[in-house]
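# Examining the three-dimensional arrangement
Below, each chain spelled out in residue letters.
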Amino acid sequence: METFSSFWDEKLKKYAAAAWANMPSLFAEWAVAFFPQRGRALELGAGHGQDSQLFAKKGFAVVSTDFSDVGLEYNRRKLPQELEGKVLIQRVDIAEPLPFDDAVFDVVYSHLGLHYFDSKTTEEIFDEIYRILKSGGILAILVNSTNDPEYGSGIKL
């Protein structure tokens, strides 16, 4: 059976051919309207990094993270030169304690990256998000639901 990491490496390779992997998600375009005018943003599970790029274009200093080396490589290759100083691409496993100081981000964002964990790990992840998010900061997440018509059709890792 595949490991969690190799599963996502293969998914991100497959996604590279999709047009949507080169443009911000609809969720990011909607969510950014609720963000402060500027600040530091953290994207958890950035994949190809298209949402991180949108946030950088809007004036944020962005830390764009993923735990897939394939995803990180696509993220680096797709980053336009004019955004290189505004987006830091970093390998982070969100199931582990986050490698950031307390209260350093104005925004923590994740598009379909936080619903893959058991209850205990999910609670730990949200404790970490709370720790690194500034008081009054914005948490913007999109997760799948057990009501999703595709729920249960995937591969259990």
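In case you missed it, the structure is sitting above this.
The following paragraphs examine the structure supplied in this document. From a predicted model like this one, the values you see are computed outputs, not experimental measurements.

So, how was this worked out
Residues numbered from 1 in each chain as written. Predicted model: local features only at pLDDT ≥ 70, side-chain atom pairs only at ≥ 80, totals over all residues. Heavy atoms only, no water. Buried < 20%, exposed > 50% of the residue type's maximum accessible area, 1.4 Å probe, protein only. Helix = DSSP H or I, 4+ residues; strand = E, 2+ residues; numbered from the N terminus. Pairing = 2+ DSSP bridges. Right-handed = clockwise from strand over helix to strand, strands pointing away. Core = buried A, V, L, I, M, F, W, Y, C linked by side-chain atoms within 4.5 Å. Contact = heavy atoms within 4.5 Å. Expected span 1.5 Å × (residues − 1). Arc of directions from axis to C-beta. Polar contact = N/O pair within 3.5 Å; in protein donor to acceptor, adjacent residues only side chain to side chain.

Most of strand 4 (residues 105-111) sits inside the fold, with six of its seven residues counted as buried. As judged from the six bridges shared by strand 4 and strand 5 (residues 133-142), these two strands associate in the parallel manner. Residue pairing for strand 5: F105 is matched across the bridge by L133. Handedness of the strand 4-helix 5 (residues 119-132)-strand 5 crossover: right-handed.

Moving on, we come to the nonpolar core. In this structure, F35, F55, F60, V62, V87 and Y109 are the most contacted members of the largest nonpolar core, which totals 19 residues. When residues of this core are traced back to their parent elements, those giving at least two are helix 2 (26-31), helix 3 (50-57), strand 2 (60-66), strand 3 (87-91) and strand 4. Residue contacts for F35: discarding those within four places in its chain leaves F55, F60, V107, Y109, I138 and A140. Among the nonpolar cores identified, the runner-up in size contains 15 residues, and L98, V104, I125 and I129 belong to it.

This brings us to the environment of E123. In this structure, E123 sits in helix 5. Among the residues examined, E123 registers a relative accessible area of 56% and is labelled exposed. Taking the C-alpha atoms as reference points, E123 and V143, 20 residues apart in sequence, are found 15 Å from one another.

All right, on to helix 5 then. Spanning 14 residues, helix 5 covers 20 Å between terminal C-alpha atoms, matching the ideal 20 Å at 1.5 Å per step. Inspection of helix 5 places T121, I125, E128, I129 and I132 among the buried residues, and these make up the whole buried set. Looking straight down helix 5, one finds its buried side chains confined to an arc of 100°; they lie on one side. Those residues of helix 5 that are exposed and angled more than 90 degrees off the buried face are S119, K120, E123, D127 and Y130. Residues of helix 5 that are buried sit in contact with strand 1 (39-43), strand 4 and strand 5. Put simply, D118 is the residue that caps the front of helix 5, since its side-chain oxygen is 3.3 Å from the backbone nitrogen of K120.

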